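The residues making up each chain are set out below.
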Amino acid sequence: MATIRDLARQCGVSVATVSRVFNNPEVVTQETRDNVLRVAARIGYLPNESARTLATKKSYMVGLIWDTDHRRPGWRHPFFQEILIGLKTALSARGYHLLMLATSDEEDGHLRAARRHNLDGVVFIDNGTRDPALIRLAESDVPCISLDRPAAGPQTTYVISDNAGGARLAVNHLHEQGRRAIATITGPGRTRPGAERLTGYRDALAALGLPAREEYVVEGDFYLAGGHSAMRRLLALDERPDAVFAAGDEMAIGAIRAITEAGLKVPEDIAVVGFDDIEPAALLQPGLTTVAQDKAGFGVAAATALISMIDAPAAVSPAPSVLPTTLVVRGTTAPRP
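One structure accompanies this document, and this report is about it. (Residues numbered from 1 in each chain as written. Predicted model: local features only at pLDDT ≥ 70, side-chain atom pairs only at ≥ 80, totals over all residues. Heavy atoms only, no water.)

**Section: the environment of R192**
Selection criterion: The secondary structure listing takes helices from DSSP runs of H or I that are at least 4 residues long and strands from runs of E that are at least 2 residues long, numbered from the N terminus. Throughout, a contact is declared for two residues whenever any of their heavy atoms are within 4.5 Å.
Mapping R192 onto the fold places it in helix α9 (residues 192-208). Separated by 43 residues in the primary sequence, R192 and R149 place their C-alpha atoms 6.1 Å from one another. Leave out the neighbours within four places in its chain, and R192 touches P150, Y158 and I160.

Structure, rendered in structure tokens:
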């Protein structure tokens, strides 16, 4: 296995210069960096992580706490999987590794895990409840970034989508298609995305002069079965809706199944709009019209904010990032016959 001395000798530079290329590249010329990295790749040199940690005072390890409710297969949800890919890619590009941490029922469990593993920072995705362990971690001096949910602390910020704006896009689109009896299947009210998308739905109805009918608001859970059962409740109304905005694509897919089981057609009888733009949305027949979140942008924004806190621990936490949403029109919406 090639050593740092082997690499320095073949590059014609000192061991200290090679160390700076891997640990403090900004102090080395671009020409030297390129030469050292090229030779390192050729001879198979890999920097010693322990030595790197001693030199930079960083572990280059970021913890991931993924607590989306033990009663639900949250880690399998396509939206979170796509966010995780973007986050991993963005962190890897900066030389960081992700370490998944176990959830904890102890109030200081997450903080102790971060200290024990000498983590430079922590990313967390949770179920929207006020988890004491996450609150304790966020309020510590460990740099933290929360995905899809607000969090506060001296070294904590978050990344979230413009949920209310996305919901308004969905309702306005359905209105433009001639739909007037527009229902919604919401996410859980305890979650920020669920609450904000419901607010956007109601704001859009008010702006369009459409009545806000409480029987047209049914709470879901962001999963297929929840969308299916919620749609069945809407279909049982004396005056069923002619359009549905589902606050998540999985719920929209479940709703479409309930509609077709009832002998109705999408979009002719009932138009459907989802939220997320997960990969299966484009594969449906007809394709699902949906509000797209910038999943790759989530990863980049989260990694950028987290690394800025790691590099400048005394600085004020970065402002939260609110990412824009866009409407993707496919086959589940069309002008009302």
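**A look at the side chain of T17**
The topology assignment puts T17 in helix α2 (residues 15-23). Filtering out sequence-adjacent residues up to four positions away, T17 remains in contact with V28 and T32.

**Some thoughts on the packing of aromatic side chains**
In this description, an aromatic ring pair is defined by two values, namely the gap between the centres and the angle between the planes. The line we're drawing: Geometry of aromatic contacts follows a simple scheme: Phe, Tyr and Trp rings, the Trp one being its six-membered ring, pair when their centres are within 6.5 Å, and the pair is stacked under 30 degrees between planes, edge-to-face over 60, tilted otherwise. Relative accessibility decides the category of a residue: with a 1.4 Å probe and only protein chains considered, values under 20% of the type maximum give buried, values over 50% give exposed, and everything between is partly exposed. As a reminder, the over-ring test applies to NZ of lysine and CZ of arginine, requiring each to be within 6 Å of the ring centre and within 35 degrees of the ring normal.
As enumerated under the stated definition, the model contains two aromatic pairs in all. Measuring from centroid to centroid gives 5.0 Å for Y60 and Y96, while their planes differ by 45 degrees, and the two rings are tilted. Here Y60, found in the loop between α4 (49-56) and β1 (61-67), pairs with Y96, found in the loop between α5 (78-93) and β2 (97-100); they are 36 residues apart in sequence, far enough to count as distant. Taken together, a centroid distance of 6.4 Å and an interplanar angle of 55 degrees make the contact between F245 and F275 tilted. Remark: F275 occurs in strand β9 (residues 271-276) and F245 occurs in strand β8 (residues 243-246); sequence separation between them is 30 residues. F275 shares its class with F245; the two are buried. For R197, the ring lying beneath its charged end belongs to F275, and the centroid distance is 3.8 Å. One Lys or Arg, R213, reaches over the ring of Y216 and ends 4.3 Å from the middle of that ring.

**So, the pattern of salt bridges**
So the rule is basically this: Any Lys or Arg side-chain nitrogen found within 4 Å of a carboxyl oxygen on Asp or Glu counts as a salt bridge.
As enumerated under the stated definition, the model contains 12 salt bridges in all. For R115, the salt bridge identified is with D141, shortest N-O distance 2.9 Å. Here R115 is found in helix α6 (residues 109-116), whereas its partner D141 is found in the loop between α7 (132-138) and β4 (144-147), with 26 residues between them in sequence. Judged by relative accessible area, D141 falls into the exposed class, the value being 51%. Shared partners join several salt bridges into a network, and the residues in it are E106, D108 and R112.

**Describing α5**
Worth spelling out the cut-off: To estimate the expected span of a helix, subtract one from its residue number and multiply by 1.5 Å.
Across its 16 residues, α5 extends 23 Å between first and last C-alpha, which sits within 8% of the 22 Å expected from 1.5 Å per residue. When α5 is considered as a whole, its buried residues turn out to be P78, F79, F80, I83, L84, G86, L87, A90 and L91.

**Focus on the nonpolar core**
What counts here: By nonpolar core we mean a set of buried residues, namely Ala, Val, Leu, Ile, Met, Phe, Trp, Tyr and Cys, connected to one another through side-chain atoms within 4.5 Å.
In this structure, I185, Y201, M231 and F245 are the most contacted members of the largest nonpolar core, which totals 42 residues. Broken down by secondary-structure element, the contributors of at least two residues to this core are α8 (163-176), β6 (182-186), α9, β7 (217-219), α10 (224-235), β8, α11 (249-261) and β9. It is α11 that contributes the most residues to this core, six residues altogether. If we skip the residues at most four places from it in the chain, F245 touches A167, A170, L174, A183, T184, I185, R197, Y201, V273, G274 and F275. Within the second largest apolar cluster, 28 residues are counted, among which are L64, W66, I125 and I310.

**A word on the sheet that holds β7**
So the rule is basically this: Strands are labelled as partners when DSSP assigns at least two bridges between them. Think of each axis as a best-fit line through the C-alpha atoms, taken over the contacting stretch in the case of a helix, with angles from 0 to 180 degrees between the N-to-C directions.
Pairing within the open sheet is mixed, and its six strands lie in the order β7-β6-β8-β9-β10-β12. The open sheet has two edge strands with one neighbour each: β7 and β12 (326-328). Ignoring strand direction, the axes of neighbouring strands in this sheet form an average angle of 20 degrees. Sheet analysis places β6 next to β8, joined by four bridges and oriented parallel. Looking at the pairing, T184 lines up with F245 of β8.

**Here we look at the packing of α10 against α11**
Selection criterion: For classification, angles of less than 35 degrees are called roughly parallel, those exceeding 145 degrees roughly antiparallel, those between 65 and 115 degrees roughly perpendicular, and all remaining angles oblique. Take the far helix as the reference: if the near one is turned anticlockwise from it by less than a right angle, the crossing is left-handed, and if turned clockwise, right-handed. Ten residue types, Ala, Val, Leu, Ile, Met, Phe, Trp, Tyr, Cys and Pro, are classed as nonpolar, four, Asp, Glu, Lys and Arg, as charged, and the remainder, Gly among them, as polar.
Contact pair α10 / α11: the axes reach a minimum separation of 7 Å and the direction vectors enclose 45 degrees. Overall, the two elements α10 and α11 adopt an arrangement that is oblique. Taken as a pair, α10 and α11 cross one another with a handedness that is right-handed. On the side of α10, the interface is formed by L224, G227, H228, M231, R232 and L235, while α11 contributes E250, M251, I253, G254, A255, R257, A258, I259 and E261. Across the contact of α10 with α11, the residue classes break down as eight nonpolar, three polar and four charged.

**Observations regarding the side chain of S161**
Using the following cut-off: Polar contact criterion, stated in full: a pair of N or O atoms within 3.5 Å, where within protein one must be able to donate a hydrogen and the other to accept it, and residues adjacent in sequence count only if both atoms are side-chain atoms.
Within the fold, S161 resides in strand β5 (residues 156-161). With relative accessibility at 1%, the residue S161 sits in the buried group. A distance of 2.5 Å separates the side chain of S161 from the side chain of Q293, its partner in a polar contact. Setting aside its immediate chain neighbours within four residues, S161 contacts E196, Q293, F298, V322, L323 and T325.

**Some thoughts on helix α1 (residues 4-11)**
Filter applied, for reference: Regarding the arc, it is the one traced by the directions from the helix axis to the C-beta atoms.
Along α1, the residues that are buried comprise L7, A8 and C11. Seen end-on, α1 carries its buried residues on one side only, within an arc spanning 100 degrees. Within α1, the exposed residues directed more than 90 degrees away from the buried face are R5 and R9. Looking one or two residues beyond α1, the residue adopting positive phi is G12, at roughly 75 degrees.

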